[in-house]
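Chain and residue survey
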Amino acid sequence: MKIISVVGARPNFMKIAPFCKVLEAYSDSEANETIEHILVHTGQHYDDRMSQSFFDALNIPQADINLGIGSGSHARQVGETMIAFEEVLKEHKPDWVVVVGDVNATCACSITAKKEGIRVAHIEAGLRSFDMDMPEEINRLVTDRLSDLLLTPDEISSENLLKEGVDENKIAFVGNVMIDTLEANRDIASGLDLVDILRDNCLEESQVSKLESISRAPNGYGLITLHRPSNVDDKAVLGDIIQFFKTEATVQLPFVWAIHPRTKKQLEAFGLWETVRDMQNLVLLHPVGYHQLLKMNMEARLVMTDSGGLQEECCVLGTPCLTLRWNTERPVTLQEHGGASLLVGNSVQRVRSAFEDSLSADRKPMSPPLWDGRAAERIFRAIVDAS
Ligand code: UD1
């Protein structure tokens, strides 16, 4: 059997790592059938800190093929990926294309594969925010509509697919593969030193003087990540969030913010960069590596984020998580389902009251069914069974 797996952007890498390991273990075993695995990187993310550092940290084999697509508008990214990926499919003729998550690479490569008559397996199928303003929601809908095997991380996702009329024989509830990576890397992350992480990832010299106070803060620190267009592409929305950080959040708790390149670009474009850089109780970091972020999450008093992956990691680690979004495709991580995450949108009134409550909240780790570190094995078995 020949499988092509596709990755493109940062959140894909922690999802493909366990799958690559299971395929490697299978190839090393005495199994009768050989599996040829080709890993394709579309090149949507290309900075070392957004891409190669995850391959290194998670021992992902180097991509066999890099399409080198890079940044651009959605149409350009999707279109160029399709053109380049079609060539790959024509040359290698795989039995399956395996796509993960909901980025442009996921959508582009599933369309291309189906048009070439190749079966598609989607890891992390069935997530729905029901918000069509979110580019990822479009990617999820298209990918799931086309997929032959829909590998879901939780039961809510399976139900979403059934409600959309997907044949139940195509759906396999396998659990959350990203949690395989978390469980496999907990010990390495625990062993890291917080001050070393801060020092090694400081965005610029001006931040170094703030490190000491963060690492010694008696009530701990908060962790921020933000990158969604709905939060960072609108000057008024981003301006209000920054004002809240400046006049309220960082007054009560020191914060560390690992800045996504998109967000940095927008802060500069909106003239907000100096305000953020000069906040006394806020340390700005480059995008940090997998283990570094895991360690910071393990020890944070609270997380403020719009990342889907972080919502899930906070759930398992129990870190109180204020999700700066109005909806989520990952409801299983929410407090009403026993998780650590609370949707607070991006209006300051709502963020403010949730922030106050979270300051005194305890850690409550919670792992939904099959978030047990063994999802990749079930994914592999489901693909073999469907072949
Ligand atoms: C993409 C995904 C999003 C995911 C996020 C995680 C889509 C539609 N969006 O959003 O679902 O949550 O990745 O990071 O696929 N840039 C760099 N270096 C890089 C990559 C990007 O500087 O290595 C900058 C470029 O200015 C680029 C901008 O970031 O234009 C946005 O990158 P892009 O890949 O278009 O989208 P993300 O916001 O990263």
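Here, every reference points to the structure presented above.
So, here's what we can say about the structure. Given the structure is predicted, the values throughout are model-derived calculations rather than measurements.

With that settled, the discussion passes to the overall build of the chain. The secondary structure content of the chain amounts to 18 helices and 13 strands. Scored against the burial criterion, the 387 residues of the chain give a buried share of 57%. Within the chain, contacts between residues separated by at least 24 positions form 70% of all contacts whose residues are at least 6 apart in sequence. For the chain, the accessible surface area stands at approximately 15700 Å², while carbon and sulfur atoms represent 48% of it. Separation between the mean location of the 38 positive side-chain charges and that of the 57 negative ones in the chain comes to 3 Å.

Turning our eyes to something else, we now look at the nonpolar core. The biggest cluster of nonpolar side chains holds 45 residues, and the ones touching the most others in it are I3, I16, F19, I60, L151, I379 and I383. For this core, the element with the most residues is helix 1 (residues 10–28), which contributes nine residues. With residues near it in sequence (within four places) discarded, I16 still touches S5, V7, L39, I60 and V100. One finds F255, F270, M279 and L284 within the second-largest nonpolar core, a separate group that totals 32 residues.

Along the chain, D180 falls in helix 7 (residues 177–190). Lacking a salt bridge, the buried D180 has R378 as its closest oppositely charged neighbour, with an N-O distance of 5.8 Å. In this structure the side chain of D180 is engaged in a polar contact, spanning 3.2 Å, whose partner is the backbone nitrogen of R374. Among all residues touching D180, those that are not within four sequence positions of it are P18, G373, R374, A375 and A376.

As a further point, take the sheet that holds strand 7 (residues 171–173). Sheet architecture is open: seven strands sit in the order 3-2-1-4-5-6-7, paired in parallel fashion. Because the sheet does not close on itself, it has two edges, and the strands there are strand 3 (65–66) and strand 7. In this structure, strand 1 (residues 2–7) lies alongside strand 4 (residues 96–100), joined through four bridges in parallel fashion. Bridge assignment links S5 to a residue of strand 4, and that residue is V98. Across the sheet, helix 6 (residues 155–163) touches strand 6 (149–152) and strand 7, and the angle it forms with strand 7 is around 165 degrees.

What follows is about the pairing of strand 4. For strand 4, the buried fraction is high: five of the five residues fall into the buried class. Side-chain alternation along strand 4 places W96, V98 and V100 on one buried face and V97 and V99 on a second face that is also buried. Handedness of the crossover joining strand 4 and strand 5 (residues 119–123) through helix 4 (residues 104–115) is recorded here as right-handed.

This next bit is on the packing of helix 8 (residues 194–201) against helix 15 (residues 290–299). Geometrically, a packed helix pair is captured by the angle between its two axes and the distance between the axes. Two elements in contact, helix 8 and helix 15, have axes whose closest approach is 10 Å; the angle formed by their N-to-C orientations is 130 degrees. The angle between helix 8 and helix 15 places the two elements in the oblique class. The hand of the helix 8/helix 15 crossing is left-handed. Packed against helix 8, whose contacting residues are L194, I197, L198 and N201, the element helix 15 presents Q292, K295 and M296 at the interface. Split into classes, the residues belonging to the contact of helix 8 with helix 15 amount to four nonpolar, two polar and one charged.

Criteria and cut-off values
- Residues numbered from 1 in each chain as written.
- Predicted model: local features only at pLDDT ≥ 70, side-chain atom pairs only at ≥ 80, totals over all residues.
- Heavy atoms only, no water.
- Helix = DSSP H or I, 4+ residues; strand = E, 2+ residues; numbered from the N terminus.
- Buried < 20%, exposed > 50% of the residue type's maximum accessible area, 1.4 Å probe, protein only.
- Contact = heavy atoms within 4.5 Å.
- Areas by Shrake-Rupley, 256 points an atom, 1.4 Å probe, with all protein chains shown as cover.
- Lys, Arg positive; Asp, Glu negative; His and termini not counted.
- Charge placed at Lys NZ, Arg CZ, Asp CG, Glu CD.
- Core = buried A, V, L, I, M, F, W, Y, C linked by side-chain atoms within 4.5 Å.
- Salt bridge = Lys/Arg side-chain N within 4 Å of Asp/Glu carboxyl O.
- Polar contact = N/O pair within 3.5 Å; in protein donor to acceptor, adjacent residues only side chain to side chain.
- Pairing = 2+ DSSP bridges.
- Axes fitted to C-alpha atoms, helices over the stretch in contact; angles between N-to-C directions.
- Right-handed = clockwise from strand over helix to strand, strands pointing away.
- Parallel < 35°, antiparallel > 145°, perpendicular 65-115°, else oblique.
- Left-handed = near helix turned anticlockwise from the far one by under 90°.
- Nonpolar A, V, L, I, M, F, W, Y, C, P; charged D, E, K, R; others polar.

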